[in-house]
Amino acid sequence: NKVTNYLLKEMGYNKSEIASVEGVYGFKLPEFYTIVIFENEPYVAYTYFAHNSVLQFEYEVIDRKYIGITKKDLKNYDPIN
């Protein structure tokens, strides 16, 4: 919920712009993180951490057709974080 609230309230996204928000328990530190996929970039999975504050940590291209895409091509990349 913390990541969803951040995206809606602080980043100004509409719910319709977010395809999915999924909490993940991992085996590495941090143990819990969130994967977000946006409607306008269904081929990119963004990783967010929401411990003290919410921050976009990294992204992964999940559709091989888009391998080679750069940060400047990303529509939802948050370089502030």
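Numbering of residues begins from 1 in every chain and follows the order in which that chain's sequence is written. The model is predicted, so local features are restricted to residues of pLDDT at least 70 and side-chain atom pairs to those at 80 or more, both for listing and for counting; the totals for chains, interfaces and linings are taken over all residues. Derived side-chain values reflect all non-hydrogen atoms in the structure, with water molecules and hydrogen atoms excluded from consideration.

A closer look at the packing of aromatic side chains
The geometry of an aromatic ring pair is captured by the separation of the ring centres together with the interplanar angle, meaning the angle of the planes. Rules: Stacked, edge-to-face and tilted labels apply to pairs of Phe, Tyr and Trp rings (six-membered ring for Trp) whose centres lie within 6.5 Å, assigned for plane angles under 30 degrees, over 60, and everything in between, in that order.
In the structure shown here, the tally under the stated rule is eight aromatic pairs. Taking the centre distance of 4.6 Å and the plane angle of 40° together, the rings of phenylalanine 49 and phenylalanine 57 count as tilted. Cluster of aromatic residues (ring-pair linked, three or more members): Tyr13, Phe38, Tyr46, Tyr59 and Tyr77.

Looking at the side chain of threonine 34
In plain terms, the rule: Secondary structure is summarised from DSSP: a helix means a run of H or I of at least four residues, a strand means a run of E of at least two, and numbering begins at the N terminus for each. Partly exposed residues are those whose accessible area sits between 20% and 50% of the maximum for their type, while under 20% is buried and over 50% is exposed, using a 1.4 Å probe and protein chains only. Whether two residues are in contact is decided by their heavy atoms, any of which lying within 4.5 Å being enough.
Summarising the element assignment, threonine 34 is placed in strand β2 (residues 32–38). Look at threonine 34 and you get buried, because its relative accessible area is 7%. Residue contacts for threonine 34: discarding those within four places in its chain leaves Val3, Val21, Glu22, Gly23, Tyr46, Thr47 and Tyr48.

Some thoughts on the nonpolar core
As a rule of thumb, nonpolar side chains are buried together in soluble globular proteins. For the record, the criterion: Side-chain atoms within 4.5 Å are what join buried Ala, Val, Leu, Ile, Met, Phe, Trp, Tyr and Cys residues into a set we call a nonpolar core.
Within the largest apolar cluster, 15 residues are counted, with the highest numbers of intra-cluster contacts made by Val3, Leu7, Ile18, Val36, Phe38, Tyr46 and Tyr48. Listed by contribution, the elements that provide at least two residues to this core are α1 (2–10), β2, β3 (41–50) and β4 (54–61). The element contributing the most residues to this core is β3, with four residues.

Some words on α1
Basically, it comes down to this: It is the directions from the helix axis to the C-beta atoms whose arc is reported.
The set of residues buried in α1 consists of Val3, Tyr6 and Leu7. One side of α1 carries all its buried residues, which in axial view fall inside an arc of 95°. Buried positions along α1 lie against β1 (18–25), β2, β3 and β4. Positive phi shows up at glycine 12, right after α1, with a value of about 80°.

Some remarks on the sheet that holds β3
Paired through their backbone hydrogen bonds, the strands of a sheet run either parallel or antiparallel. The cut-off we apply is this: Whether two strands pair comes down to DSSP finding at least two bridges between them. Angles run from 0 to 180 degrees between N-to-C directions of axes, and those axes are lines fitted to C-alpha atoms, restricted for helices to the stretch in contact.
Reading across the sheet, the four strands line up as β1-β2-β3-β4 and stay open at both edges, with antiparallel pairing between neighbours. Single-partner strands in this sheet number two, and they are β1 and β4. Neighbour-to-neighbour, the strand axes of the sheet open up by a mean angle of 25°, direction not taken into account. In the sheet, β1 pairs with β2 via seven bridges, with the strands oriented antiparallel. Directly across from valine 21, in β2, lies its bridge partner valine 36. The sheet strands contacting α1 are β1, β2, β3 and β4, and the helix crosses β3 at an angle near 115°.

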